[in-house]
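# Fold and contact review
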Amino acid sequence: MTTAPTPVPTTPAATVPGGGAGASATATTTTPTPRRRPLARLGGASWLATLPLLLFFLIGFGLPTVAIVIGAFTSSSDAESGAGQFTFDNLTASVQGGYLTAMLSSLKLSALTALLATLIGLPLAQAVVTSRRGWLRQAVLTASGVLANFGGLPLAFAFVATLGNAGEITKLLHLTDHGWSLYSFTGLTVVYLYFLVPLMVLTITPALDGLRTQWREAAQNNRATTVQYWRHVALPILLPSLLGGFVLLFGSAFAAYATAAAMVGATVPLVSRSIADALSGNVLVGQGNLALALSLNMIVVAVLVMAVYLPLQRRSARWLS
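The following refers to the structure shown. Values in this document were obtained by computation on a predicted structure and should not be read as measured data.

### Remarks on the side chain of Gln 126
By the element assignment, Gln 126 lies in helix H4 (residues 97–130). In this view, Gln 126 contacts Leu 208, Arg 216 and Trp 230; residues no more than four positions away in its chain are not counted.

### Let's talk about unusual backbone geometry
Look at His 174: it is not a glycine, yet its phi comes out positive at around 55°. Mapped onto the elements of the fold, His 174 is located in the loop between helix H7 (168–173) and helix H8 (185–209). Classification of His 174 by relative accessible area gives partly exposed; the value is 48%. Notably, Arg 223 is not glycine yet its phi reads approximately 60°, a positive angle. Tracing the backbone shows Arg 223 in the loop between helix H9 (213–221) and helix H10 (226–255).

### With respect to the nonpolar core
Leu 188, Tyr 192, Ile 204, Leu 208, Leu 211 and Met 263 are the most contacted members of the largest nonpolar core, which has 53 residues in total. Contributions of two or more residues to this core are made by H4, helix H6 (153–163), H8, H10, helix H11 (258–263), helix H12 (271–280) and helix H13 (288–320). Per-element tally for this core: the top contributor is H8, with 13 residues. In contact with Met 263, other than residues within four places in its own chain, are Ala 156, Phe 159, Val 160, Leu 182, Tyr 183, Gly 187, Leu 188 and Val 191. Judged by nonpolar contacts, the second largest core, of five residues, contains Ile 68, Ala 72, Leu 91 and Ala 293.

### Quick word on a nonpolar patch on the surface
On the surface, Trp 47, Leu 48, Leu 51 and Leu 54 cluster together into a nonpolar patch covering about 470 Å² of accessible area. One can find Leu 51 in helix H2 (residues 43–72).

What counts, and where the lines are drawn
Residues numbered from 1 in each chain as written. Predicted model: local features only at pLDDT ≥ 70, side-chain atom pairs only at ≥ 80, totals over all residues. Heavy atoms only, no water. Helix = DSSP H or I, 4+ residues; strand = E, 2+ residues; numbered from the N terminus. Contact = heavy atoms within 4.5 Å. Buried < 20%, exposed > 50% of the residue type's maximum accessible area, 1.4 Å probe, protein only. Core = buried A, V, L, I, M, F, W, Y, C linked by side-chain atoms within 4.5 Å. Patch = residues over 30% accessible without salt bridge, like charges linked within 9 Å, V, L, I, M, F, W, Y side chains within 5 Å. Areas by Shrake-Rupley, 256 points an atom, 1.4 Å probe, with all protein chains shown as cover. Salt bridge = Lys/Arg side-chain N within 4 Å of Asp/Glu carboxyl O.

Take a look at the structure:
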């Protein structure tokens, strides 16, 4: 008995390109298998990769911050009565008298040096960006990276040996006769500019690189001068980056401690120096929790600085990316 063959479904013949007349091939229609997105497939792995960073952040920043907050609202263990109890006395004392003066002095010094460094660093960075010598750009950026991280005792010693009362430049130019003193608010401002100006150069150079040549050419085609181009085109675009750089410099100057402590001591009141005095008991014994309250004030200022800096950074990235 002969079994009839089972019919096989066929698809329309597809003409093979270049095969000539009558050349055809039978194509089998298959349903493509959807591919998974790499991000969706590696989503869990990417979170696992960030765990060491999150753990480091928790140990290095989270736990100390919690300890500072708890200590700021707790009476000192050396207190005569109520030791270890919840209190607002530490925070109240941290914004009064000499501590308030130190906080205001730190804010003034940070704002002034950040503003001066922004005004000085912008033209320097522009000169580097527009230079046709690649080696000059590389040398300036490399030196800026080194100088921006040069601070502490070595920086204080360098300025004392150079511009101190018996410094080489002080004696050569007779600066003392003109009222110059390194161990003052003005002298500390000059020292801070030494590392803030290079930091501003590093911060603003990528934004200057993002200015497109077409914008300048369009301004020139409309008979705009260089001043008009910077006033109406370049500076409005760079403004978020400039403000972000200013905020970054402000935070860097506000947190600096070793250079000022080694150079001016208690001559210029600073909140970082007040914290050190409270911890070491140079003024009164048992002021450790007051030092934690002063540290909490600095953390609040740092959080406000970052809250301003991050939106400005995202806004400038939209224009210059």
